[in-house]
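What follows is the residue order along each chain.
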Amino acid sequence: MRNTTENEELKYYKSVALLSIICILANQENLFNNYQAINQRFHIMAAINLTVNGKKQTLNIDPNTPMLWVLRDHLNLVGAKYGCGIAACGACTVHLNGTAVRSCQLPVSAAAGSKITTIEGLSEKGDHPVQKAWIEHDVSQCGYCQAGQIMSAAALLKTTPKPTDEQIDNAMNGNICRCGTYLRIHAAIKTASKS
Amino acid sequence: MKTEKNTIDRRSFLKSTALAGGGLMIGFSWLTSAKAASANAVVAPVELSGYIKIGADGVITLMAPNPEFGQNVKTSLPMLIAEELDIDWKKIVVEQAPHDRKYGGQFTGGSNGVRSAWRSLRTAGATARQMLIEAAAQIWGVPATEITTGAGVVYHKISGKSAPYGDLAAKAATLPTPTGLTLKGVKDFKVIGTSTKNVDGVKIATGKPLFTIDIKHEGMLIAMITHAPGFGLKLKSLDDMAARKMPGIKDIFTIDTYAEGTRVGGFNATTFNNLVVVVGNSTWEVMNAKKALKTEWEPMPGAVLESTVTQRQKMEEMSKQQVNAARKDGDPEAAFKSAAKVIERTYTAPFLAHNPMEPINFFANVTADKAELAGPLQAPGMIESAISARIGIPADKIDIQLTRMGGGFGRRAYSHYAVEAAVISQKMKAPIKLVYTREDDMTGGVYRPHYTATYRAALDANNNLIGFHVRGGGVPESAVAANRFPAGAVDNYLAESWTIRSNVTVGAFRAPGSNFIGGAEQSFLDEVAEAAGKDPIEFRLELLERARTKPVGQRNDYDAERYAGVLKLVKEKSNWGQSKPGISRGVAAYFCHNSYVAQVVDLVMVKNEPVIQKVYNAVDCGVVVNPIAAANLCEGGCVDAIGNALFGEMTIKDGRPEKSNFDKYRMIRHKEAPKAIEVHFVKSEKDPTGLGEPLFPPMFGALANALYKGTKKRFYQQPFNIKERLAEGKPAV
Ligand code: FES
Ligand code: FES
């Protein structure tokens, strides 16, 4: 792999990422794990260009590394949380070109050239309508799931500024809150949609 | 490694809880901290007690003594100080106190936070205020009795003098500590009873580092563990050849959490004492190496590899045997013999994993002579000595910082992971952050016990409840609470309790014991009321009236009037008795953790699934300190209970927990939450009691009773598995 040009390499990693995502969507966990295992055997490092919260940077990193750990361990952005690592809880939700994605299953290679937004970059002063509504409704209990919830909510409102209850239910169903703050989350999204 | 005991003894839990409550009072030392602070008052803000620091700039810092895991103590406990200190809440800073004996037990659990701090923290505020008044009186040469305070300022109205607390703090700190102060009456409260936003709300909404998993430290390595995949198994062989060669890996080794012979039980319990540890530079690298480990496990000598199915069979056998009575009133045998109707039902509930959203993790930096630790701990005071013994560093050289916890629900009272992290850091001679994967966490034991209970009720020809019998037990604990309602309301009463030993570890889980028995009892009473042809609320109120006016026995642990009070309130608020077309309603009421709760659930069945339209809660927990957070906690208790009733279940096969992540372990999700929840607090001047737990148990009953209306089936087994039950078309068990 080392002899390929960067573009080819990128293409390769993007296809890896795509395949990974397809595996997950198709619930083919084993296939996905095998696939990851094969890739890890090569211990490939690659220079990957990233735009995170508007900042361009290049990381020399194993391209399979999930975005979640790139953010948390390498970029010091710890807002996105680890909850399950298998795209089942939503704690790690970030935006990839404005769409909510589970960063624990997004290989960093798949994010190359795209725009990543984390909770830290959602607004400059913490005053995104969703954040404001969250504070107004005093949504949080332990707070651990809330960055993921907020990112899911913000992505929803971007495409659907006035969501129905059902649309909120569907958009937020991937984010688990063990503390049970769902009703406040729902109400806060309604409030944010009015601003 | 051998431990004398590896199950958790509930009795020691209760003892420690009681200690934690009293400890705060005993450990309260004004003089020492005030004196110590006055020596360097020029540079640092003045400490008027361990709880209050006042800067010359006027900034007042209040210490939150107990660890926060979502129950709002980081906000509501400082509110108690602020109330008596008489300050402007908007101008204060709240700091999480580290682990320190001066803060007492610092125990988070048992719905005890506000309850146990109620007097001591208000006293802390009142004492500091009095010292500030005294300081002003001396400086101005006026009698202290002429001085008043308001929003952080001291006033002498007669002379027109005033001074902010910041100007007086240094002087105040040199004065003797006043005693015997009178605290404000409920009617005079300004802070208590006023909705106050979570002090970390903005930080949470903006993704600031708050949790241990967010900690960074220079030179910090990441450590992960692999524990045995099942109870009763130990490591047979380890091949770490491939893993060692993987990038970023520093070391791989095995550790014993506790040294051989350590007495383990209570909160220092561990599930899997022998661990394989992988240490490396980054989380992803360590995760990958962990996956590349080749491990073989074998049964420990004499160990039984248990399964849920075989446990269930044993439980059924035990349920048929007469066991020792935990309480007996009258002549239950005769009552059942003479009964016109006897109703008998059996309820079961599985192991539950706590599944707080933040997986277990802990930070440790152990050097030759000291240890810096930080982590999510519900009971820091109860693990410190175990850490000290294990790493050979005296407790006074161990600094434990408490971080916000991403949930706990009882799990983080069992903090073996703190010991593990310390041992790993000591071995690596480096700061480390131990991180469990979700799988390690979920399969790591300390589950809610596996329970069952069989109830029998005897009705006479006039449908009076003349006999009541509960025989319950579990693996390895029983949930029977012999002195709770309807004990005291029935002439002939018998409670029996048994347990079955197990090597599956269990621990406190939101409302221990009550989290099963409350729902079972309340489902059963619904059925008894129906058999008696009575309205379920009226039926309960009749019994409570009996318990109030002519109680049976001495040890009834509830106040029948307050119990009836919440039932009456929920009846009124839910318009109970008015038919709502298409809506199925169920009611339940329960008393635990010193609070009274009654709930009504309204649901509709859509495609064999319940859509919960509304939950009405009536709650009597004495004075409500922070209404907005209290309501949040109540809502959460309802949602959490509904989730566990419908889906919560950990099964074991051949010693191995069968679910390891949220793909298989179903948690309640956004869509399944009730569409609306109302929380009504009984107006009360009584000292506050718990809220984190009391909402949880009765919801299992209220939901089952509403489901019965909607499906004509009774739900005796948790999780309810409604779809399967309805699809089977089996008659109700
Ligand atoms: S951590 Fe990514 S979805 Fe749970
Ligand atoms: S607030 Fe605790 S998990 Fe959502």
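Procedures and definitions
- Residues numbered from 1 in each chain as written.
- Chains lettered and ligands numbered in written order.
- Predicted model: local features only at pLDDT ≥ 70, side-chain atom pairs only at ≥ 80, totals over all residues.
- Heavy atoms only, no water.
- Helix = DSSP H or I, 4+ residues; strand = E, 2+ residues; numbered from the N terminus.
- Expected span 1.5 Å × (residues − 1).
- Buried < 20%, exposed > 50% of the residue type's maximum accessible area, 1.4 Å probe, protein only.
- Contact = heavy atoms within 4.5 Å.
- Pairing = 2+ DSSP bridges.
- Axes fitted to C-alpha atoms, helices over the stretch in contact; angles between N-to-C directions.
- Phe/Tyr/Trp six-rings, centres within 6.5 Å; stacked < 30°, edge-to-face > 60°.
- Lys NZ or Arg CZ within 6 Å of the ring centre and 35° of its normal.
- Right-handed = clockwise from strand over helix to strand, strands pointing away.
- Parallel < 35°, antiparallel > 145°, perpendicular 65-115°, else oblique.
- Left-handed = near helix turned anticlockwise from the far one by under 90°.
- Domains from an automatic or database assignment.
- Buried area = accessible area lost by both parts, 1.4 Å probe.
- Salt bridge = Lys/Arg side-chain N within 4 Å of Asp/Glu carboxyl O.

1. Here we look at helix H6 (residues 146-159) of chain A
All names here are of chain A.
Link 1 in the chain: With 14 residues, H6 ought to run about 20 Å at 1.5 Å a step, and its terminal C-alpha atoms sit 20 Å apart, in line with that.
Link 2 in the chain: Burial analysis of H6 places 12 of its 14 residues in the buried class, the great majority of the element.
Link 3 in the chain: Among the residues making up H6, those that are buried are Gln146, Ala147, Gly148, Gln149, Ile150, Met151, Ser152, Ala153, Ala154, Ala155, Leu156 and Leu157.

2. Considerations on the environment of Phe720 of chain B
Residue and element names in this part refer to chain B.
Link 1 in the chain: Relative to the helices and strands, Phe720 resides in the loop between helix H18 (696-711) and helix H19 (722-728).
Link 2 in the chain: When its relative accessible area of 4% is taken as the criterion, Phe720 is described as buried.
Link 3 in the chain: Separated by 343 residues in sequence, Phe720 and Leu377 have C-alpha atoms that sit 32 Å apart.
Link 4 in the chain: Residues contacting Phe720, with those up to four places away along its chain left out, are Ala645, Leu646, Phe700, Leu703, Ala704, Leu707, Phe715 and Arg725.

3. Focus on the sheet that holds strand S7 (residues 161-164) of chain B
The pairing of strands in a sheet happens through backbone hydrogen bonds and is either parallel or antiparallel.
All names here are of chain B.
Link 1 in the chain: The sheet built from 3 strands is open, its strands ordered S5-S6-S7 with antiparallel pairing. A single partner strand is all that each edge strand has here, and the edge strands are strand S5 (148-150) and S7. The mean inter-strand angle of the sheet, taken between neighbouring strand axes irrespective of direction, is 25°.
Link 2 in the chain: Pairing between strand S6 (residues 153-156) and S7: 4 bridges, direction antiparallel. By the bridge assignment for S7, Val153 is matched with Pro164.
Link 3 in the chain: Its contacts with the sheet put helix H4 (residues 113-140) on S5, S6 and S7, and the angle it makes with S6 is roughly 45°.

4. Some details on the packing of aromatic side chains
Residues and elements named next belong to chain B.
Link 1 in the chain: Evaluation of the coordinates by the stated rule reveals 23 aromatic pairs over all chains.
Link 2 in the chain: Seen from their ring centres, Phe485 and Tyr558 are 5.8 Å apart, and the 90° between their planes marks the pair as edge-to-face. In this pair, Phe485 is assigned in the loop between strand S20 (465-475) and strand S21 (492-499) and Tyr558 in the loop between helix H15 (536-549) and helix H16 (560-573), connecting sequence segments 73 residues apart. For the pair formed by Phe485 and Tyr558, the shared burial category is buried.
Link 3 in the chain: Sitting over the ring of Trp118, Arg122 keeps its end group 3.9 Å from the ring centre.
Link 4 in the chain: A cation over a ring is seen here: Arg666 above Phe647, with NZ or CZ 3.9 Å from the ring centre.

5. A look at the pairing of strand S16 (residues 371-375) of chain B
All names here are of chain B.
Link 1 in the chain: S16 sits mainly inside the fold: 4 of its 5 residues count as buried.
Link 2 in the chain: The pairing of strand S15 (residues 361-366) with S16 spans 4 bridges and is antiparallel. Directly across from Asn365, in S16, lies its bridge partner Glu372.
Link 3 in the chain: Of the pairings in the sheet, the one linking S16 to strand S17 (residues 398-402) comprises 5 bridges and is parallel in character. In the sheet register, Leu373 faces S17, and the bridge partner there is Ile400.
Link 4 in the chain: The handedness of the S16 to S17 crossover, carried by helix H11 (residues 384-391), is right-handed.

6. Here we look at the packing of H6 of chain A against helix H7 (residues 165-172) of chain A
All names here are of chain A.
Link 1 in the chain: Remark: H6 packs on H7, axes separated minimally by 10 Å, with the N-to-C direction vectors making an angle of 135°. Our classification of the angle between H6 and H7 gives oblique. Handedness of the crossing formed by H6 with H7: right-handed. For the pair H6 and H7, contact is made by Gln149, Ser152, Ala153 and Leu156 and by Gln167, Ile168, Ala171 and Met172, respectively.

7. Thoughts on the domain arrangement of chain B
Residues and elements named next belong to chain B.
Link 1 in the chain: You can read the domains of chain B as domain 1 (2-205), domain 2 (212-302 + 360-435) and domain 3 (322-339 + 344-350 + 447-727).
Link 2 in the chain: For domain 1 and domain 3, the distance between their C-alpha centroids amounts to 37 Å.
Link 3 in the chain: Tallying the contact residues gives 28 residues for domain 1 and 26 residues for domain 3.
Link 4 in the chain: Taken over both partners, the interface formed by domain 1 and domain 3 buries close to 2100 Å², and the fraction arising from carbon and sulfur atoms is 57%.
Link 5 in the chain: Where domain 1 packs against domain 3, one counts 2 salt bridges.
Link 6 in the chain: In this structure, Asp687 engages Arg119 in a salt bridge whose closest nitrogen and oxygen atoms are separated by 3.3 Å.

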